[in-house]
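Descriptive structure summary
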2 protein chains.
Amino acid sequence: MERTYIKDITPGIRRVSGFVENLRNKRTMAFIVLKDITGKLQVTLEKEKYPELAAIVDTLTLNSVITVEGEVVANEYVKMGGIELLPTSMTVESIAEALPIKADSDIDVRMDYRWIDLRRDQNQLMLKLQTTMTAAMREFLLQRDFVEIHTPKFIAAASESGSEVFEVKYFDTKAYLAQSPQFYKQMAMAAGLERIFETGPVFRAEKSYTNKHATEFTGFDLEFSYVTGVEDVMHMEEELIAYMMAKVKAAHGDAIKALFGTEVIVPAVPFPRMKLKDVYAELEKRYGYTCPDEVKGDLTTDAERMTKQLCQDMFGHEFIFITDYDAKERAFYHMRDENGVPQGYDLIWRGCEITTGAQREHRYEVLKKQAEEKGLGKDVDFYLQFFKYGCPPHGGFGLGIDRLTMLFLGMSIKEAQFLFRGPNRLTP
Amino acid sequence: MERTYIKDITPGIRRVSGFVENLRNKRTMAFIVLKDITGKLQVTLEKEKYPELAAIVDTLTLNSVITVEGEVVANEYVKMGGIELLPTSMTVESIAEALPIKADSDIDVRMDYRWIDLRRDQNQLMLKLQTTMTAAMREFLLQRDFVEIHTPKFIAAASESGSEVFEVKYFDTKAYLAQSPQFYKQMAMAAGLERIFETGPVFRAEKSYTNKHATEFTGFDLEFSYVTGVEDVMHMEEELIAYMMAKVKAAHGDAIKALFGTEVIVPAVPFPRMKLKDVYAELEKRYGYTCPDEVKGDLTTDAERMTKQLCQDMFGHEFIFITDYDAKERAFYHMRDENGVPQGYDLIWRGCEITTGAQREHRYEVLKKQAEEKGLGKDVDFYLQFFKYGCPPHGGFGLGIDRLTMLFLGMSIKEAQFLFRGPNRLTP
């Protein structure tokens, strides 16, 4: 007989498989709560009637894996959907030792046994959410003629951003691990691919122990050609996010509400846009937040957090594009307007930055000058070559799958990854 | 005016953008072949009528990027679709220096300027093919309730397979780069996720210079629970591949035929299956190939290649599953039957191995014993823990996106990646 997912169970003869989530083995009856990836089902055994099954149940431990066949019948006293399975056969697939962790064990202990921790409903939902989120974003982009690429993670030189890179022993030389696909996304523009995206790991050698940092996470990056300004990039992003969130809400909105108590709100498009200086002016006016002048070229951590309230109060919205940062605070490859204002933005969701995006500088001479101003010379020379032999105007942005997951569910980064990696965490 | 893709061009006032692929600048007329990601269009300028455009054309070089507006009209003398664009405005986006490579430059020189090499129609098609292939496989799996995961690339210990791993300086200690997500795919089974897949980079520190080897490539891996035998795994794979190839044929079959001269053949399901010893018997009988007894437990390179002919002659098929390898030649985590025969297979396409798949051993004690027999002790201990606390029976396989691309198009691995990485190749 074919196995049936618990979510699809209806009365009749059925075969189900899953983990023993709960087990009450009484004198005459045994009650098993069987959990598969789709739901939970009560298995009810009259022990006298099936002594050979009763003998099997005596060997079971919590979290053992079994396959059960029998008749599914309605029973109004059963909590789980008002049905139960009356088994006629039972196969033990795997017997579990006593579990070393509980749902409320310390997070670092749970991480040691992540595969057990991941069995919790919340964590399985977390991974289903990531699946839907990523699939929806890819679908959106494929509908718009984007090509998927896989850029190399081995690079010859420590790359652009401020964060530290990991060094790899590469035969008789050294390589580094890419901390962003930025340069290669742009290489794809010079290659005439026009519209590309990538999902892949990015590596950051930062010794940070915050709730937001990991040494390895999953980036979702895209880049596209023939933009006429940064507005095109913001528009692509807001459309992408609204599309993705509608899919997430449809697939998991109720479950997220039930298990995490948070609402998935599909954002209205366009998202609000504000210049950085206007953000500071409003924060001061509304909440008395005064930012020291010397750091006003960038968004401070405090201000970032406070934009959550600001967004809500000014626009009734969860997202905000912040533009017009100081060129000193932005990457050399952001295009600047005639006044030197970078044509880029940060996108903030629920008070947390989720994207930096921009129109890029595609003119070789201008780009070279901007790199030199930032003191970047030889290390980016290979990258500057991309712009010498013809390159369309282009822009793009990147999102972190893990960070989006955190914000959807109100988790720490450790909980929002399949398996967290940090400065002190390389196992399991 | 909105830009139109060249493939969508019809007569009327249009705006197009692209690279100058060809340029004939005559006394009274100028002819530009403009190429975008979707096609090519002739731009025909009467210089006397538009002297300011003629002046712009004089500055153009091959591979410069321009945006052109004007009227698209029918002209039966024009080769490219019988239409041409008569420009009324032209914007130069980027002027190209003289190109350092040609289409027939040596492959390693072309690799130095990969972004220029990628502009060729063949290479753009190669990346579109990869996009369709990967999207189709994900679509197939999402329809079957698979969850997408992102396993860590940083691992604490050099992992299972024979190939060498790369060492990373990881703060005050060392880490290694995963050469396969195998252990973590199985961790997901112990986590009760039931069905998972992953697309991501895998790293192999092999100093090989063959047409098939790279130090970094893109793996497409999946694993699923509650299999009743290796047949379930093979069946999943043949269905997946047939689905993918039908999508590839529909999207790119004609273009692949035109640009590469190769046919995309959607394979009939089920694929042929043969035991390894029967393959050797047939190779001997049909082609006089005698394999030395001491290597008959595995498929030799010669035999692998010859299966292309064998498949064709015996089954009129391009694919073949080969089963019943010697346990000595297979990974310790393959389940074995009561006679010690590994419950795994290789899948060969056009005489080249594209997959190793298997039902896995999920019983802790058996698995531990098999690991110890292979001399694997402490390094796999963290992995053995996954099976102590309940784990469903499961199986899975992995494919290489790059290798599939090679075989689709008859390319070397260097040409089948966005940007190749090998022992001597870390740039651009």
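Parameters and conventions
Residues numbered from 1 in each chain as written. Chains lettered and ligands numbered in written order. Predicted model: local features only at pLDDT ≥ 70, side-chain atom pairs only at ≥ 80, totals over all residues. Heavy atoms only, no water. Helix = DSSP H or I, 4+ residues; strand = E, 2+ residues; numbered from the N terminus. Buried < 20%, exposed > 50% of the residue type's maximum accessible area, 1.4 Å probe, protein only. Contact = heavy atoms within 4.5 Å. Areas by Shrake-Rupley, 256 points an atom, 1.4 Å probe, with all protein chains shown as cover. Lys, Arg positive; Asp, Glu negative; His and termini not counted. Charge placed at Lys NZ, Arg CZ, Asp CG, Glu CD. Pairing = 2+ DSSP bridges. Axes fitted to C-alpha atoms, helices over the stretch in contact; angles between N-to-C directions. Buried area = accessible area lost by both parts, 1.4 Å probe. Salt bridge = Lys/Arg side-chain N within 4 Å of Asp/Glu carboxyl O. Polar contact = N/O pair within 3.5 Å; in protein donor to acceptor, adjacent residues only side chain to side chain. Parallel < 35°, antiparallel > 145°, perpendicular 65-115°, else oblique. Left-handed = near helix turned anticlockwise from the far one by under 90°. Nonpolar A, V, L, I, M, F, W, Y, C, P; charged D, E, K, R; others polar. Core = buried A, V, L, I, M, F, W, Y, C linked by side-chain atoms within 4.5 Å. Least-squares fit on C-alpha atoms with pLDDT ≥ 70 in both. Phe/Tyr/Trp six-rings, centres within 6.5 Å; stacked < 30°, edge-to-face > 60°. Lys NZ or Arg CZ within 6 Å of the ring centre and 35° of its normal. Disulfide = S-S within 2.5 Å.

Counting its secondary structure elements, chain A contains 11 helices and 16 strands. Burial statistics for chain A: of 428 residues in total, 59% are counted as buried. Put simply, 65% of the contacts in chain A that link residues at least 6 apart link residues at least 24 apart. A total of about 16,900 Å² of accessible surface is found on chain A, and carbon and sulfur atoms cover 48% of it. Averaged over its 54 positive side-chain charges, chain A has a centre that lies 3 Å from the centre of its 65 negative ones.

In an α-helix, one full turn covers 3.6 residues, which means residues spaced three or four apart are oriented alike. Residue and element names in this part refer to chain B. Taking burial as the measure, the nine residues of helix α11 (residues 401-409) include eight buried ones, the bulk of the element. Taken together, the buried positions of α11 are occupied by Ile401, Asp402, Leu404, Thr405, Met406, Leu407, Phe408 and Leu409. Considering only its buried residues, α11 is in contact with α4 (121-143), β11 (216-225), α6 (230-260), β14 (344-349), β15 (352-359) and β16 (394-400). At the exit of α11 stands glycine 410, carrying a positive phi of roughly 70 degrees.

What follows is about the sheet that holds strand β14 (residues 344-349) of chain A. Residues and elements named next belong to chain A. Read across the sheet, eight strands follow the order β6-β10-β11-β16-β15-β14-β13-β12 without closing on themselves; strand pairing throughout is mixed. Edge positions in the sheet fall to β6 (147-148) and β12 (273-275), since each has one partner strand and no second. Strand direction decides the pairing type here: β6 and strand β10 (residues 195-203), joined by two bridges, are parallel. By the bridge assignment for β10, glutamate 148 is matched with phenylalanine 197. In the packing of helix α6 (residues 230-260) onto the sheet, the strands contacted are β10, β11 (216-225), β12, β13 (319-323), β14, β15 (352-359) and β16 (394-400), and the crossing angle to β16 comes to about 35 degrees. On top of the sheet, helix α8 (residues 301-315) reaches β12, β13, β14 and β15; it is set at about 115 degrees to β13, its chief contact.

Time to look at the interface of chain A and chain B. Each partner contributes to the interface: chain A provides 97 residues, whereas chain B provides 96 residues. Taking both sides of the interface into account, the surface hidden between chain A and chain B amounts to around 7,900 Å²; carbon and sulfur atoms contribute 64%. Linking chain A with chain B are six salt bridges. Here arginine 3 of chain A makes a salt bridge to glutamate 194 of chain B, at a shortest N to O gap of 2.8 Å. For the pair chain A and chain B, the interface holds 44 residue pairs in polar contact (both at pLDDT 80 or more). Ranked by residue count, the leading element in the side of chain A that touches chain B is helix α4 (residues 121-143) of chain A, at nine residues. When strand β8 (residues 167-170) of chain A meets strand β8 (residues 167-170) of chain B, the two strands line up antiparallel, connected through three bridges. Looking across to β8 of chain B, one finds that lysine 169 of chain A is bridged to glutamate 167 of chain B.

Once that is clear, we can look at the environment of glycine 351 of chain B. Residue and element names in this part refer to chain B. With respect to the secondary-structure elements, glycine 351 resides in the loop between β14 and β15. Each C-alpha atom of the pair glycine 351 and phenylalanine 220 lies 20 Å from the other, and the pair is 131 residues apart in sequence. Those residues in contact with glycine 351 that sit more than four places away from it in its chain are Glu304, Arg305, Thr307 and Lys308.

Turning next to the packing of α4 of chain A against α6 of chain A. Residues and elements named next belong to chain A. At their nearest, the axes of α4 and α6 sit 9 Å apart, and the two run at 155 degrees to each other. Regarding the angle of α4 to α6, the classification is roughly antiparallel. Pair α4 / α6 crosses with right-handed handedness. Among the residues making up the contact of α4 with α6, the classes are represented as 17 nonpolar, four polar and five charged.

Let us now look at the nonpolar core. If you look at the biggest cluster of nonpolar residues, it comprises 84 residues, and the most contacted ones within it are Phe408 and Phe418 of chain A together with Tyr383 of chain B. Dropping the residues within four chain positions of it, phenylalanine 418 of chain A is found in contact with Arg114, Leu118 and Leu127 of chain A together with Ile149, His150, Thr151, Pro152, Tyr184, Met187, Ala188 and Leu193 of chain B. One finds Ala178 and Phe386 of chain A together with Met133 and Phe140 of chain B within the second-largest nonpolar core, a separate group that totals 83 residues.

With that settled, consider the relation of the copies chain A and chain B. After a rotation of 180 degrees and a shift along the axis of 0.0 Å, chain A superposes on chain B with an RMSD of 0.0 Å. In the structure described here, the two chain copies are related by an operation that fits a two-fold rotation axis. For chain A, the minimum C-alpha distance to the rotation axis belongs to valine 168 of chain A and amounts to 2.2 Å. When you check the interface residues of chain A against chain B, 99% turn up at the interface there too, and the contact is symmetric in its surfaces.

As enumerated under the stated definition, the model contains 74 salt bridges over all chains in all. The partner of lysine 207 of chain B in a salt bridge is aspartate 172 of chain A, and the shortest N-O contact between them spans 3.5 Å. In this pair, lysine 207 of chain B sits in the loop between β10 (195-203) and β11 while aspartate 172 of chain A sits in the loop between β8 and β9 (173-177), so the two residues belong to two different chains. We classify aspartate 172 of chain A as exposed; its relative accessible area is 73%. The salt bridge partner of arginine 286 of chain B is glutamate 282 of chain B, with a shortest N-O separation of 2.7 Å. With a gap of four residues between them, arginine 286 of chain B and glutamate 282 of chain B both fall in helix α7 (residues 276-287), about one helical turn apart. On the accessibility criterion, glutamate 282 of chain B (15% relative accessible area) is buried. What emerges from the salt-bridge pattern is a single network uniting Arg110, Arg114, Asp117, Arg120 and Glu415 of chain A.

This model, assessed by the stated rule, comprises 58 aromatic pairs over all chains. Taking the centre distance of 4.9 Å and the plane angle of 65 degrees together, the rings of tryptophan 115 of chain A and phenylalanine 386 of chain B count as edge-to-face. With tryptophan 115 of chain A in helix α3 (residues 114-117) and phenylalanine 386 of chain B in the loop between α10 (381-384) and β16, this pair bridges two chains. Judged by relative accessible area, which is 1%, tryptophan 115 of chain A ranks as buried. Arranged with centres 5.7 Å apart and planes meeting at 90 degrees, the rings of phenylalanine 332 of chain B and tyrosine 383 of chain B form a pair that is edge-to-face. Here tyrosine 383 of chain B lies in helix α10 and phenylalanine 332 of chain B lies in the loop between β13 (319-323) and β14, a separation of 51 residues in the sequence. The same class applies to phenylalanine 332 of chain B and to tyrosine 383 of chain B, which are both buried. Among the aromatic residues, ring-to-ring pairing joins Tyr113 and Trp115 of chain A together with Phe183, Tyr184, Phe332, Tyr333, Phe382, Tyr383, Phe386, Phe387 and Tyr389 of chain B into one connected group. The aromatic ring of phenylalanine 140 of chain A is capped on one face by arginine 144 of chain A, whose charged end is 3.6 Å from the ring centroid.

One pass over the full model with this rule turns up zero disulfides over all chains. In this structure cysteine 311 of chain A is a free cysteine whose sulfur lies 12 Å from that of cysteine 352 of chain A, the closest cysteine sulfur available.

All names here are of chain B. Of all the 10 residues making up β11, nine are buried; the element is thus mostly covered by neighbouring parts of the structure. Here β10 pairs with β11 via nine bridges, running antiparallel. Across the sheet, phenylalanine 197 pairs through a bridge with leucine 222, a residue of β11. Both β11 and β16 contribute to a ladder of seven bridges, which runs antiparallel. Bridge pairing in β16 links glutamate 223 to glycine 396.

What follows is about the sheet that holds strand β7 (residues 154-155) of chain A. Taken in spatial order, the six strands of this open sheet run β7(A)-β9(A)-β8(A)-β8(B)-β9(B)-β7(B), and their pairing is antiparallel. Each having just a single partner strand, β7 of chain A together with β7 (154-155) of chain B make up the two edges of the open sheet.

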